[in-house]
Amino acid sequence: MRRVAMLAAAVVACAAAVLPLAATYAPGTAALLLCAAAGGGAAVSGALRAARRTASTTIVGALAVLAGAVVALAAWLPHQSGSALDALRFSGARILTTSVPVPVTLEMVALPFCGTWLAAATAAALLYTRRPALAVLPPVGLLGGAVAVVGPVGEPAYGYAVLLVLALTAMLALTQHSGRLHAAGFVALAAAVAGLAGPALLSTTDRRPPDLRAHVDPPYQNPEQVNPLNLLAGWAANPDETLLEVRTDRPSRLRLVTLAEFTGVTWLPARTYHAAGTVLPATVETAGPAARQELTIAGLSGGWLPAPDGAEEVTGVRVAVDAPTATLVAPDGLRAGQRYIVDARPPDWNPQRLAGARLPTGDEFDTGRTLPPGGPARLYEIARLAAGTGSPYDQATRLADHLRRNYRFDAKAPGGNGYPSLDRFLMRPVEQGGRRGTSEQFATAFAVLARALGMPSRVAVGFTVGEPLDGTDLYVVRAGDAVAWPEVYLDGAGWVPFDPTPPASTTDNLGPAPLDPLPTLPQVEPTPSGSADEEDQPADDTAAAAPPRGAPAPPIRWPWYAVAAMLGLLVAVPSLRLWRGHARLRRGGPTGRLLGAWAEVRAGLRQAGHRPAPASTVDDVARLAGAAAPGPGVGALAAAVNGVAFGAALPPGANVDRLVSEARAHRKALRRHSGRLRRLTWWLDPRPLWWRP
């Protein structure tokens with residue numbers, strides 16, 4: 001039984017090591033296959049060692065059985081292209097050039113399956129040698145490989161790492177060696193402390209894991225065709241040409257391509273695209289009801305594949321994707337009569353939630369804020385006058401309303417989307433060809449003005465829902481339905497579209513000059529509307545397998561390990577929490593300390609049982625804080641946070657030290673007004689270590 005328990009611990013260790021990689025696969029059998037590989041490799045190796053075979057013979061036997069398992073895998077799993085041998089040869093490269101979620105095909109599963117099998121077989125073989133402690137190396141190496149392949153696209157593997165350490169501890173303990181028993185106890189204690197300290201330590205840094213995909217060129221490059229913004233003029237000249245047909249009971253706008261890079265001369269699409277299976281990576285943050293659309297290509301050509309926003313699955317055509325811009329590509333090109341089906345969850349916007357959304361702060365949005373030199377002279381002035389003050393959503397809606405009211409749609413206006421065209425469109429009077437344009441000029445003008453305000457923005461090209469045929473669910477999309485629209489990224493909502501283009505019937509009364517100061521404009525909702533579910537914050541519950549029972553440990557010593565572990569936890573949790581609070585309130589510049597103080601206020605409210613709603617504004621949280629702890633309020637702190645959020649600078653006269661003291665005093669008041677049990681366990685509660693600010 002002891003040997004069986006040792007093999008079981010090896011299987012658990014290898015499975016825990018590779019399961020972080022399984023999380024990047026599409027829903028299916030990937031996790032089951034990798035766990036089966038761990039069990040198969042350990043079982044074959046353990047059986048051969050039990051039959052008194054040498055370690056080298058055991059490894060050769062495990063390789064032979066693995067070859068048979070791979071043949072069976074090739075007969076069962078589909079492979080995307082080429083022969084089964086090619087799928088095995090290029091498995092690693094195709095994993096790194098395929099978007100997440102990775103499809104469960106032979107190309108994507110072969111390499112991790114073989115690696116897991118060999119790691120489990122080697123670990124099981126080493127358990128029977130004179131140095132069984134070497135058996136910990138294959139699972140640890142397997143975990144390192146899995147984490148390296150996952151990179152920044154997956155969630156942190158804290159739970160799997162702790163489960164791995166516990167399984168390795170069980171393996172060491174089951175060898176019945178006193179020294180290894182002591183080592184196992186210390187390893188288990190280290191695992192428990194690391195499970196608590198790891199998230200807290202890593203939360204203080206914004207460093208991301210290295211991405212191996214950044215060093216591998218995806219096989220699909222930018223489609224060889226005209227810039228889609230330039231196609232709008234050609235489509236406008238022949239508006240009755242049928243481009244595609246859509247059969248659906250939930251019509252929605254179709255995205256053809258997203259252009260995120262602005263050079264000052266034009267907008268550019270993504271340069272490379274990753275292969276994808278039928279399941280696509282998530283591209284929206286506020287998904288609505290599910291919708292299915294069956295699309296048939298008519299006169300549309302090129303490589304970009306039209307699809308509704310929130311596309312989750314595409315069948316009937318081979319697809320590559322650029323996930324950051326939600327752009328799909330058909331590597332084989334489009335042809336007349338081609339039919340494919342898209343299952344999607346288009347975004348469902350909640351205006352109240354958008355009104356309280358902030359701008360993102362991550363470096364990944366720097367491209368969306370960049371304006372190259374050489375722009376119109378009064379670009380920033382127009383942006384400030386048109387947008388006014390308020391939340392980012394309020395400013396963006398005022399900006400769209402300004403363009404709709406003061407400029408005119410003209411399908412015959414000259415094309416162009418660079419600085420010269422924007423200068424003519426925004427600055428020149430009507431008699432000189434200014435203040436009139438197509439959706440191309442309106443979308444690009446909005447995006448450039450939004451960037452002048454510091455908002456991440458981009459331009460998309462696609463089609464409206466088209467014309468429905470009488471009595472059917474078939475919609476005909478013609479060239480005249482082509483349109484461009486801008487999008488702004490708001491934290492917690494994603495890329496929100498806006499409609500700055502006025503209706504074609506607006507032909508007169510252009511309104512006041514665009515450079516004049518504008519009165520406060522009413523809030524205008526973006527074209528998509530609806531409601532979105534509140535963000536859930538699921539707990540990270542990771543089940544750890546109990547180590548198998550082995551030979552009894554020496555008496556008296558194991559209770560001391562348990563006592564040491566409990567004392568370590570009692571000391572570690574308060575120490576980590578105090579250290580984290582000190583880091584928030586003392587490190588960084590004035591803005592960082594201010595936001596850290598606000599994070600401490602929110603954490604204190606949540607720990608005291610007054611959890612703010614996900615969509616709560618700063619003022620809502622301040623009112624909740626005042627009601628939860630009568631006495632020291634956080635009104636001044638809330639005002640300063642609002643100033644930082646919307647003004648990108650501390651308000652005049654803000655005393656950061658006083659505001660930090662205000663946050664500390666409020667936390668003490670919250671504890672005083674809590675129940676007795678909560679007061680006693682306030683600093684022993686480990687949950688705040690995992691809470692996000």
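For the structure itself, look to the data block above.
Treat the numbers as computed from the prediction; the structure is a model and nothing was measured. (Residues numbered from 1 in each chain as written. Predicted model: local features only at pLDDT ≥ 70, side-chain atom pairs only at ≥ 80, totals over all residues. Heavy atoms only, no water.)

Trainee: Looking at this model, I keep getting lost on the environment of L379. Mind explaining?
Mentor: Along the chain, L379 turns up in helix α13 (residues 379-387). The class for L379 is buried, based on a relative accessible area of 2%. For the pair formed by L379 and A445, sequence separation is 66 residues and the distance between their alpha carbons is 9.7 Å. Residues in contact with L379, not counting those within four places in the same chain, are L371, L426, M427, V448 and L449. (Helix = DSSP H or I, 4+ residues; strand = E, 2+ residues; numbered from the N terminus. Buried < 20%, exposed > 50% of the residue type's maximum accessible area, 1.4 Å probe, protein only. Contact = heavy atoms within 4.5 Å.)

Trainee: Just to check I follow, could you spell out unusual backbone geometry for this structure?
Mentor: One can expect most non-glycine residues to show negative phi and most peptide bonds to be in trans. With a phi close to 55 degrees, A326 is a non-glycine residue in the positive phi region. With respect to the helices and strands, A326 occurs in the loop between β9 (319-322) and β10 (327-329). One non-glycine residue, R435, lies in the positive phi region at around 60 degrees. Relative to the helices and strands, R435 is located in the loop between α15 (419-427) and β13 (436-437).

Trainee: Where do I start with helix α8 (residues 158-173) in this structure?
Mentor: Note: α-helices contain 3.6 residues per turn, so residues at a spacing of three or four share the same orientation. The first and last C-alpha atoms of α8 sit 23 Å apart over 16 residues, in line with the 22 Å expected at 1.5 Å per residue. Within α8 the residues assigned to the buried category are G159, L163, L164, A167, L168, T169, A170, M171, L172 and A173. (Expected span 1.5 Å × (residues − 1).)

Trainee: Explanation requested: the environment of G592 in the structure shown.
Mentor: Looking at the element boundaries, G592 is found in helix α18 (residues 590-607). Here G592 falls in the partly exposed class, since its relative accessible area comes to 36%.

Trainee: What's the story with the packing of aromatic side chains in this structure? I'm lost.
Mentor: Think of a pair of aromatic rings as described by two things: how far the centres are apart, and how the planes are tilted against each other in angle. Summed over all chains, the structure comprises ten aromatic pairs. Taking 5.5 Å as the distance between ring centres and 25 degrees as the angle between the ring planes, the aromatic pair formed by F446 and F498 counts as stacked. Pair noted here: F446 is in helix α16 (residues 439-452) and F498 is in the loop between β18 (494-497) and α17 (557-586), with a separation of 52 residues, a long-range link. Using a relative accessible area of 0% as the deciding quantity, one classes F446 as buried. Members of the aromatic cluster, connected to one another through ring pairs, are F262, W267 and Y419. Here the basic side chain of R253 rests over the ring of W485, its NZ or CZ set 4.0 Å away from the ring centre. (Phe/Tyr/Trp six-rings, centres within 6.5 Å; stacked < 30°, edge-to-face > 60°. Lys NZ or Arg CZ within 6 Å of the ring centre and 35° of its normal.)

Trainee: Hey, could you run me through the nonpolar core in this one?
Mentor: A general tendency of soluble globular proteins is for nonpolar side chains to be buried together. Ranked by size, the top nonpolar core spans 75 residues in total, and within it W235, L426, F446 and F463 carry the most contacts. Take this core: its biggest share by element is nine residues, from α16. In this view, F446 contacts A396, L399, A400, L403, P486, V488, F498 and P500; residues no more than four positions away in its chain are not counted. By size, the runner-up hydrophobic cluster in this structure holds 31 residues, among which are A5, L19, A22 and L168. (Core = buried A, V, L, I, M, F, W, Y, C linked by side-chain atoms within 4.5 Å.)

Trainee: Honestly, the pattern of salt bridges in this entry has me stumped. Any pointers?
Mentor: It is possible for side chains bearing opposite charge to pair when their charged atoms get close. On inspection of all chains with the given rule, the structure shows 18 salt bridges. D473 serves as the salt-bridge partner of R247, at 2.9 Å between the closest nitrogen and oxygen. Remark: D473 occurs in the loop between β15 (467-468) and β16 (474-478) and R247 occurs in strand β2 (residues 242-247); sequence separation between them is 226 residues. You can call D473 partly exposed: its relative accessible area is 32%. Beyond isolated ion pairs, a larger network of salt bridges with shared partners links R255, D309, R458 and E487. (Salt bridge = Lys/Arg side-chain N within 4 Å of Asp/Glu carboxyl O.)

Trainee: What is the right way to look at α18 in this model?
Mentor: Taking 1.5 Å as the rise per residue, α18 with 18 residues should run 26 Å; its terminal C-alpha atoms sit 26 Å apart, in good agreement. For α18, the set of buried residues is R593, L594, G596, A597, W598, A599, E600, V601, A603, G604, L605 and Q607. G609 occupies a position one or two residues after α18 and carries a positive phi of about 90 degrees.

Trainee: Help me understand the sheet that holds β16 in this model?
Mentor: Across the sheet, which stays open at both edges, the six strands sit in the order β8-β11-β6-β2-β16-β15 with antiparallel pairing between neighbours. Each end of this open sheet is capped by a strand with a single partner; those strands are β8 (311-315) and β15. Note that β8 and strand β11 (residues 339-344) share four bridges and pair antiparallel. Considered in β11, the bridge of V314 is made with V342. (Pairing = 2+ DSSP bridges.)

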